[in-house]
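Understanding the architecture of this molecule
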Amino acid sequence: MSKAKTILVTGCGGQLGSELRILSSTYPQYRFVFFNSQEFPLGDAQFARQKFEEQQPQYFINCAAYTAVDKAESEKEQAMLVNGEAVGQLATLCSEFNTGFIHISTDYVFNGESQSPWKTEQPTDPVNFYGSSKLRGEELAFANNDRSIVIRTSWVYSSFGKNFVKTMIRLMGEKESIGVVNDQHGSPTYAADLASAIMQIIDSGKWQAGTYHYSNSGAITWFEFAAAIAKKIKSNCVVNPILSSQFPTPAKRPSYSVMDLSKIESVYGIAIPRWEEALDRCLLKLQEDQTS
Ligand SMILES: NC(=O)c1ccc[n+]([C@@H]2O[C@H](COP(=O)([O-])OP(=O)(O)OC[C@H]3O[C@@H](n4cnc5c(N)ncnc54)[C@H](OP(=O)(O)O)[C@@H]3O)[C@@H](O)[C@H]2O)c1
């Protein structure tokens, strides 16, 4: 019998990492090794090398990232270390150990000035520091390893961790009305679906390096997303559309970050669920978690 292939996963305490952990039970043919931020702190190249030597992985999925978009404006050094330099170190190690490197990036590498979905090859131009740090990570992933796969995703939510869906449900339980921005357009991503797409790539046995886009399908605004959540959970809270200028944040957000998903569909044959259907599944999971 051939030995099970080893998949290392960093950031397993986060949304995507948690979903991959759940999904791993349906892939018994692989040996998964999950690391949280203490067990595999990003940025320490020597430490990372030691882990590669110990585990000899065939695949490495980097779910760890500095994801605090607003805080990144004032913690630039840490954001750049985790999202930029550390990714370069991992890419180098993956090249050296012949490990398939899958790294996750963001729609925030684009400037938002488009009226049609962003294609993978379109020029990047981040409007905030988080986006710049993630772009640096992409650049180093390919500069240090021409076999890297980078998957850009957007508006990630899950039953795990902190996210828009969970925040809206909480606010809708506390307030009679809320204002949600209606001039930022994008596509939500259920982290469980992204985890599934990643495993489909690995399990396809085909490795086509490059940049891919993955989100759920359909383009909406945050207001539309919140209104759908209110309707689905039958909340009486009134959701009002507001402008981004009425909700100032330290980091600027792109006004249009919908991504073209056709490359991942055509190269890997991945079927992409609609955002409404994905939201239903997450809400059901949240309900189940509450009653269990
Ligand atoms: N969330 C979104 O809306 C969104 C949108 C576009 C792209 N993305 C990208 O998608 C990927 C997954 O995001 P996510 O939503 O799953 O993020 P998340 O829930 O914030 O999880 C990120 C994980 O990274 C870990 N981490 C942070 N700093 C670290 C460090 N220095 N060393 C090791 N681990 C560290 C965190 O651990 P601690 O909690 O212990 O700090 C956390 O478990 C990321 O690459 C992110 O940039 C996310």
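Residues numbered from 1 in each chain as written. Predicted model: local features only at pLDDT ≥ 70, side-chain atom pairs only at ≥ 80, totals over all residues. Heavy atoms only, no water.

**Observations regarding the packing of helix α7 (residues 222-232) against helix α9 (residues 275-291)**
Remark: α7 packs on α9, axes separated minimally by 11 Å, with the N-to-C direction vectors making an angle of 50 degrees. In this view, α7 runs oblique relative to α9, as classed from their interaxial angle. Judged by the twist between their axes, the crossing of α7 over α9 is right-handed. Judged by residue contacts, Phe225, Ala228, Ile229 and Lys232 of α7 engage Trp275, Glu276, Leu279, Asp280 and Leu283 from α9. Residues belonging to the contact of α7 with α9 are distributed by class as follows: 6 nonpolar, no polar and 3 charged. (Axes fitted to C-alpha atoms, helices over the stretch in contact; angles between N-to-C directions. Helix = DSSP H or I, 4+ residues; strand = E, 2+ residues; numbered from the N terminus. Parallel < 35°, antiparallel > 145°, perpendicular 65-115°, else oblique. Left-handed = near helix turned anticlockwise from the far one by under 90°. Contact = heavy atoms within 4.5 Å. Nonpolar A, V, L, I, M, F, W, Y, C, P; charged D, E, K, R; others polar.)

**Some thoughts on the side chain of Glu19**
Looking at the secondary structure, you find Glu19 in helix α1 (residues 15-24). Despite its burial, Glu19 remains without a salt bridge, the nearest opposite charge being carried by Lys285 at 5.9 Å. A distance of 2.9 Å separates a polar atom in the side chain of Glu19 from a polar atom in the side chain of Ser158. With near-sequence residues (within four places) excluded, Glu19 lies in contact with Ser158, Ser159, Phe160, Tyr190, Ala191, Ala192 and Ala195. (Buried < 20%, exposed > 50% of the residue type's maximum accessible area, 1.4 Å probe, protein only. Lys, Arg positive; Asp, Glu negative; His and termini not counted. Salt bridge = Lys/Arg side-chain N within 4 Å of Asp/Glu carboxyl O. Polar contact = N/O pair within 3.5 Å; in protein donor to acceptor, adjacent residues only side chain to side chain.)

**Side note on unusual backbone geometry**
Unlike most non-glycine residues, Trp155 shows phi in positive territory, near 45 degrees. Here Trp155 shows up in the loop between β5 (149-153) and β6 (156-157). At Lys234, a residue that is not glycine, the phi angle is positive and equals roughly 55 degrees. The topology assignment puts Lys234 in the loop between α7 and β12 (238-242).

**Here we look at the packing of aromatic side chains**
Inspection of every chain in the model, using the stated rule, returns 19 aromatic pairs. Each ring, one from Phe164 and one from Phe225, has its centre 5.5 Å from the other, and the planes form 10 degrees; the classification is stacked. Note that Phe164 is positioned in helix α5 (residues 164-174) and Phe225 in helix α7, a separation of 61 residues in sequence. The class for Phe225 is buried, based on a relative accessible area of 1%. Through a chain of ring-to-ring contacts, three or more aromatic side chains come together here, namely Phe35, Phe40, Phe47, Phe52, Phe60, Phe97 and Phe101. Between the NZ or CZ atom of Lys263 and the centre of the ring of Tyr212, over which it lies, the distance is 4.7 Å. (Phe/Tyr/Trp six-rings, centres within 6.5 Å; stacked < 30°, edge-to-face > 60°. Lys NZ or Arg CZ within 6 Å of the ring centre and 35° of its normal.)

**Description of the site of the ligand**
Around the ligand lies a shell of 23 residues, among which Ser37, Leu42, Thr67, Tyr130 and Lys134 are the nearest. Measuring from an oxygen atom of the ligand, one finds a backbone N or O atom of Gly14 at 3.0 Å. A distance of 3.2 Å is found between an oxygen atom of the ligand and a backbone nitrogen or oxygen belonging to Ile104. In isolation the ligand has 910 Å² of accessible area, and contact with the protein removes 77% of it. Mapped by element, the contributors of at least two residues to the shell around the ligand are α1, β4 (100-106) and α4 (129-143). Here the shell around the ligand takes 3 residues from β4, the largest share from any one element. (Near = heavy atom within 4 Å. Areas by Shrake-Rupley, 256 points an atom, 1.4 Å probe, with all protein chains shown as cover.)

**Details of the pattern of salt bridges**
For the structure on display, the rule yields 12 salt bridges. Here Asp70 ties to Arg253 by a salt bridge, and the two come within 2.7 Å at their closest N and O atoms. One end of the pair, Asp70, is in the loop between β3 (59-62) and α3 (76-96); the other, Arg253, is in the loop between β12 and α8 (262-268), and 183 residues separate them in sequence. Taken together, the salt bridges that share partners define one network made up of Asp193, Glu277 and Arg281.

**Side note on the pairing of β4**
In terms of residue burial, β4 counts as a mostly covered element, since 7 of its 7 residues are buried. Both faces of β4 are covered, namely the face carrying Gly100, Ile102, Ile104 and Thr106 and the face carrying Phe101, His103 and Ser105. Pairing analysis gives 4 bridges linking β3 to β4, with the strands arranged parallel. Bridge pairing in β4 links Phe60 to Phe101. Regarding topology, α3 serves as the crossover connection from β3 to the parallel β4, and that connection is right-handed. Inspection of the sheet shows β4 paired to β5 by 5 bridges, in the parallel sense. (Pairing = 2+ DSSP bridges. Right-handed = clockwise from strand over helix to strand, strands pointing away.)

**What about the nonpolar core?**
Of all hydrophobic cores here, the largest spans 56 residues; its most connected members are Met168, Met172, Val180, Phe225 and Leu279. For this core, the elements supplying multiple residues, two or more each, are α2 (45-55), α3, α4, α5, β7 (177-181), α7, β12 and α9. No other element matches the 8 residues that α3 contributes to this core. What Phe225 contacts, discounting residues up to four positions off in sequence, is Tyr157, Phe164, Val165, Pro188, Ile220, Trp275 and Leu279. Among the nonpolar cores identified, the runner-up in size contains 33 residues, and Ile61, Met259, Ile264 and Val267 belong to it. (Core = buried A, V, L, I, M, F, W, Y, C linked by side-chain atoms within 4.5 Å.)

None of the figures reported here should be taken as evidence of function without further support.
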